[in-house]
Amino acid sequence: MCKIKRLVLIFLAFGVFVYTFLLAIIIGFGFGSKEKEADCVIVLGCRVYGKFMSPFLKERVDEGLRLLKEGKVNYIIVSGGKGQGESIEEAEAMKEYLLTKGIDKEKILTEAKSKNTYENLKYSKQIMEKKNLKSAVIVSNKFHLFRSMLVAKKLNIDASYKGVFVKSYLWDEIYGHLREPFAVIKYLLYLIN
């Protein structure tokens with residue numbers, strides 16, 4: 001019985017160590033990332049309520065819009081398909097918002113079929129290749145950037161990263177950070193299989 005207890009405790013301690021280690025990396029990468037000039041910005045999708053962007057998605061799009069307006073990128077790729085309970089594709093909601101901000105529709109490239117981070121970047125890379133765009137700034141919430149970087153490296157996307165942190169939704173941000181180590185582990189296990 002003592003051996004089993006000891007093994008369980010060792011296993012739990014190892015799990016806590018791995019979780020804490022990953023959380024520290026996720027926080028460090030998210031808050032330490034800086035964008036570089038690039039050919040385009042890829043704004044990763046997030047929840048849409050009916051036809052309206054969630055606060056997280058709006059913050060992401062506003063960051064992409066800033067990069068475009070400041071001339072740090074030439075195009076903005078809005079990436080995200082239609083999720084459960086959403087009336088339109090996340091990319092379409094982003095595009096409509098950008099058009100209301102006076103952005104030339106030729107500058108907005110739409111990827112509207114992805115269902116997850118891997119597909120966001122896979123299909124966005126295909127758009128980059130068609131447009132001969134060589135580099136990107138990937139925009140998402142800070143807690144999501146580390147996993148986005150792992151996917152971008154897997155897909156050989158030359159990228160820098162810019163994260164947003166929505167202070168008015170602090171508890172949602174904290175929750176996003178706390179659950180992200182599990183999402184990273186799930187992605188790493190997916191790579192192994």
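The structure this text deals with has already been given above.
Owing to the predicted nature of the structure, the values given are computational and were not obtained by experimental measurement.

A.B. asks: Please explain the overall build of the protein chain as it appears in this structure.
C.D. replies: Within the protein chain, the secondary structure is distributed over six helices and seven strands. Listed N to C, the secondary structure of the protein chain is α-β-β-β-α-β-α-β-α-β-α-β-α in terms of helices and strands. Relative to the compact-globule value of 16 Å for 193 residues, the protein chain shows a C-alpha radius of gyration of 18 Å, a close match. In the protein chain, the share of contacts with a sequence separation of at least 24, taken over all contacts with a separation of at least 6, comes to 70%. Accessible surface for the protein chain amounts to roughly 10,900 Å². Of this, 59% is attributable to carbon and sulfur atoms. Taking the average location of the 32 positive side-chain charges in the protein chain and that of its 21 negative ones, the two points are 7 Å from each other.

A.B. asks: When you look at the nonpolar core in this model, what are you seeing that I'm missing?
C.D. replies: The tendency in soluble globular proteins is for nonpolar side chains to be buried side by side. With 27 residues, the main nonpolar core has Val 41, Val 61, Ile 76 and Leu 98 as its most contacted residues. The element that contributes the greatest number of residues to this core is helix α2 (residues 55–69), accounting for six residues. Filtering out sequence-adjacent residues up to four positions away, Ile 76 remains in contact with Val 41, Val 43, Gly 64, Leu 65, Leu 68, Leu 98, Lys 107, Ile 108 and Leu 109. Listed in part, the 23 residues of the second largest apolar core include Leu 22, Cys 40, Leu 121 and Ala 136.

A.B. asks: What exactly am I supposed to notice about the sheet that holds strand β5 (residues 108–111) here?
C.D. replies: Think of a sheet as strands paired side by side through backbone hydrogen bonds, with each pair either parallel or antiparallel. Spatial ordering of the open sheet is given by β5-β4-β1-β6-β7, a layout of five strands whose pairing is parallel. Single-partner strands in this sheet number two, and they are β5 and β7 (158–164). The average undirected angle you get between the axes of adjacent strands in this sheet is 25 degrees. Sheet topology places strand β1 (residues 40–44) next to strand β6 (residues 135–141); four bridges connect them, and they run parallel. The residue of β6 that forms the bridge with Val 41 is Val 137.

A.B. asks: Please clarify how a nonpolar patch on the surface should be interpreted in this entry.
C.D. replies: On the surface, a cluster of nonpolar side chains totalling about 550 Å² of accessible area is made up of Ile 4, Val 8, Leu 9, Phe 11 and Leu 12. Tracing the chain through its elements places Val 8 in helix α1 (residues 2–32).

A.B. asks: Hey, could you run me through α1 in this one?
C.D. replies: With 31 residues, α1 extends 44 Å between its outermost C-alpha atoms, agreeing within 8% with the 45 Å of an ideal straight helix rising 1.5 Å per residue. Elements that come into contact with the buried residues of α1 comprise α5 (145–154) and α6 (170–192).

A.B. asks: When you look at the environment of Cys 46 in this model, what are you seeing that I'm missing?
C.D. replies: Looking at where Cys 46 falls in the secondary structure, it is placed in the loop between β1 and β2 (48–49). Note: C-alpha distance between Cys 46 and Asn 141 (95 residues apart in sequence) is 9.6 Å. When residues no more than four places from it in sequence are discounted, the contact partners of Cys 46 are Ser 54, Phe 56, Leu 57, Arg 60, Glu 86 and Glu 90.

A.B. asks: Is there a simple way to think about the environment of Lys 51 in this case?
C.D. replies: Among the structural elements, Lys 51 can be located in the loop between β2 and β3 (52–53). Accessibility expressed as a relative area gives 54% for Lys 51, which makes it exposed. Sequence separation of Lys 51 and Gly 85 is 34 residues, and the distance between their C-alpha atoms is 9.9 Å. Look past the residues within four positions of Lys 51 in its chain and what remains in contact with it is Ser 87, Ile 88 and Ala 93.

A.B. asks: Teacher, can you tell me more about the pairing of β1 here?
C.D. replies: The side chains of a regular strand alternate between the sheet's two faces. Within β1, five of the five residues are buried, which leaves the element mostly enclosed by the surrounding structure. Every second residue of β1 is oriented toward a common face, with Cys 40, Ile 42 and Leu 44 on one face and Val 41 and Val 43 on the other, all of them buried. Judged from the five bridges that link them, β1 and strand β4 (residues 75–79) form a sheet pairing that is parallel. Counted as the bridge partner of Leu 44 is Ser 79 from β4.

Criteria and cut-off values
- Residues numbered from 1 in each chain as written.
- Predicted model: local features only at pLDDT ≥ 70, side-chain atom pairs only at ≥ 80, totals over all residues.
- Heavy atoms only, no water.
- Helix = DSSP H or I, 4+ residues; strand = E, 2+ residues; numbered from the N terminus.
- Rg over C-alpha atoms; globule rule 2.2 N^0.38 Å.
- Contact = heavy atoms within 4.5 Å.
- Areas by Shrake-Rupley, 256 points an atom, 1.4 Å probe, with all protein chains shown as cover.
- Lys, Arg positive; Asp, Glu negative; His and termini not counted.
- Charge placed at Lys NZ, Arg CZ, Asp CG, Glu CD.
- Core = buried A, V, L, I, M, F, W, Y, C linked by side-chain atoms within 4.5 Å.
- Buried < 20%, exposed > 50% of the residue type's maximum accessible area, 1.4 Å probe, protein only.
- Pairing = 2+ DSSP bridges.
- Axes fitted to C-alpha atoms, helices over the stretch in contact; angles between N-to-C directions.
- Patch = residues over 30% accessible without salt bridge, like charges linked within 9 Å, V, L, I, M, F, W, Y side chains within 5 Å.
- Salt bridge = Lys/Arg side-chain N within 4 Å of Asp/Glu carboxyl O.
- Expected span 1.5 Å × (residues − 1).

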